[in-house]
Amino acid sequence: MESAVRRYDARTFLLHRMARLFPTYWAIYLCIFLAQAIRLHSFESIPWGALSLLPLGPRNVPLGVEWSMVYEVFFYGLCTLLCFRRQWFPWIVLIWLAI
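Residues numbered from 1 in each chain as written. Predicted model: local features only at pLDDT ≥ 70, side-chain atom pairs only at ≥ 80, totals over all residues. Heavy atoms only, no water.

Chemist: An account of the overall build of the protein chain is needed here, citing residue identities and associated values.
Modeler: A count of helices and strands for the protein chain gives five helices and zero strands. For the protein chain, the succession of helices and strands along the chain, N to C, is α-α-α-α-α. In terms of overall dimensions, the protein chain is more spread out than a globule: its C-alpha atoms have a radius of gyration of 17 Å, far above the 13 Å expected for 99 residues. Each principal axis of the C-alpha distribution contributes one length, and for the protein chain these read about 55 × 25 × 15 Å. Of all 99 residues assigned to the protein chain, the portion counted as buried reaches 26%. For the protein chain, the exposed surface amounts to about 7,300 Å²; the carbon and sulfur share of it is 71%. Side chains of the protein chain give 9 positive and 5 negative charges; the mean places of these two sets differ by 7 Å. (Helix = DSSP H or I, 4+ residues; strand = E, 2+ residues; numbered from the N terminus. Rg over C-alpha atoms; globule rule 2.2 N^0.38 Å. Buried < 20%, exposed > 50% of the residue type's maximum accessible area, 1.4 Å probe, protein only. Areas by Shrake-Rupley, 256 points an atom, 1.4 Å probe, with all protein chains shown as cover. Lys, Arg positive; Asp, Glu negative; His and termini not counted. Charge placed at Lys NZ, Arg CZ, Asp CG, Glu CD.)

Given below as structure tokens:
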């Protein structure tokens, strides 16, 4: 992450991270959603909030692993903010190490 934050502007960094995470997550969710629909012969409602991976409060987690992905999306958001203020990077690293 450190080299990516230093190398890319904020928009490019965020697009790369989201392109790595969301298409795979959505594809796996779609496969499971369709398999359940075929098995149960009915469609459940799609949990749009869960598919965003944003911390929007209590919600359905269709795959059961979204809790860790929510933290990952939050971490990417923080790293994106660092892309705006690269001169803060050494100080943030020192604070992080101290914690």
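Chemist: Just give me the short version of the side chain of Arg17, but keep the residues and values in it.
Modeler: Along the chain, Arg17 falls in helix α2 (residues 10-40). Buried and unpaired, Arg17 has no salt bridge, with Glu72 as the nearest side chain of opposite charge at 6.2 Å. Those residues within four positions of Arg17 in sequence are excluded, and the remaining contacts are Met1 and Tyr76. (Salt bridge = Lys/Arg side-chain N within 4 Å of Asp/Glu carboxyl O. Contact = heavy atoms within 4.5 Å.)

Chemist: So, helix α4 (residues 66-84): which residues are in play, and what are the values?
Modeler: A rise of 1.5 Å per residue sets the reference length of α4, with its 19 residues, at 27 Å; its end C-alpha atoms lie 28 Å apart and thus fit the reference within 8%. Contacts from the buried residues of α4 go to α1 (2-7), α2 and α5 (89-98). (Expected span 1.5 Å × (residues − 1).)

Chemist: I'd like a description of the nonpolar core, backed by residues and values.
Modeler: Membership of the largest hydrophobic core is limited to eleven residues, which are Met18, Leu21, Phe22, Tyr25, Tyr29, Phe33, Leu51, Leu53, Met69, Val73 and Tyr76. Elements with a minimum of two residues in this core: α2 and α4. The element contributing the most residues to this core is α2, with six residues. Once you skip the residues sitting within four places of it in the chain, Phe22 turns out to touch Leu51, Ser52, Leu53 and Val73. Residues Phe13, Cys79, Cys83 and Phe89 belong to the second largest nonpolar core, which totals eight residues. (Core = buried A, V, L, I, M, F, W, Y, C linked by side-chain atoms within 4.5 Å.)

Chemist: Tell me what's going on with the packing of aromatic side chains, and back it up with residues and numbers.
Modeler: Within the structure shown, the criterion is met by four aromatic pairs. Measuring from centroid to centroid gives 5.1 Å for Phe22 and Trp26, while their planes differ by 45°, and the two rings are tilted. Pair noted here: Phe22 and Trp26 are both in helix α2, with a separation of four residues, about one helical turn. The exposure class assigned to Trp26 is partly exposed, which follows from its relative accessible area of 44%. (Phe/Tyr/Trp six-rings, centres within 6.5 Å; stacked < 30°, edge-to-face > 60°.)

Chemist: An account of the packing of α2 against α4 is requested, with residue identities and associated values reported.
Modeler: Helices that pack against each other are described as a pair by the angle of their axes relative to one another and the distance between those axes. Contact geometry of α2 with α4 gives a least axis separation of 8 Å together with a crossing angle of 165°. Looking at the two axes, α2 sits roughly antiparallel to α4. In this structure, α2 crosses over α4, and the sense of that crossing is right-handed. In this structure, α2 contributes Ala10, Phe13, Leu14, Arg17, Met18, Arg20, Leu21, Phe22 and Tyr25 to the contact, and α4 contributes Glu66, Met69, Glu72, Val73, Tyr76, Cys79, Thr80, Cys83 and Phe84. (Axes fitted to C-alpha atoms, helices over the stretch in contact; angles between N-to-C directions. Parallel < 35°, antiparallel > 145°, perpendicular 65-115°, else oblique. Left-handed = near helix turned anticlockwise from the far one by under 90°.)

Chemist: Describe α2, listing the residues and the values that go with them.
Modeler: When the terminal C-alpha atoms of α2 are compared, their 44 Å separation across 31 residues agrees well with the 45 Å that a helix rising 1.5 Å per residue should span. Met18 marks the point of greatest bend in α2, at about 30°. Of the residues making up α2, those classed as buried are Ala10, Phe13, Arg17, Met18, Leu21, Phe22, Tyr25, Tyr29, Phe33 and Ala37. Structurally, α2 contributes buried residues whose contacts are with α1, α3 (48-52) and α4. Two or three places before Arg11, at the start of α2, stands the capping residue Asp9, its side-chain oxygen 3.3 Å from that residue's backbone nitrogen. (Bend = angle between axes of the 7 residues up to and from the residue. Polar contact = N/O pair within 3.5 Å; in protein donor to acceptor, adjacent residues only side chain to side chain.)

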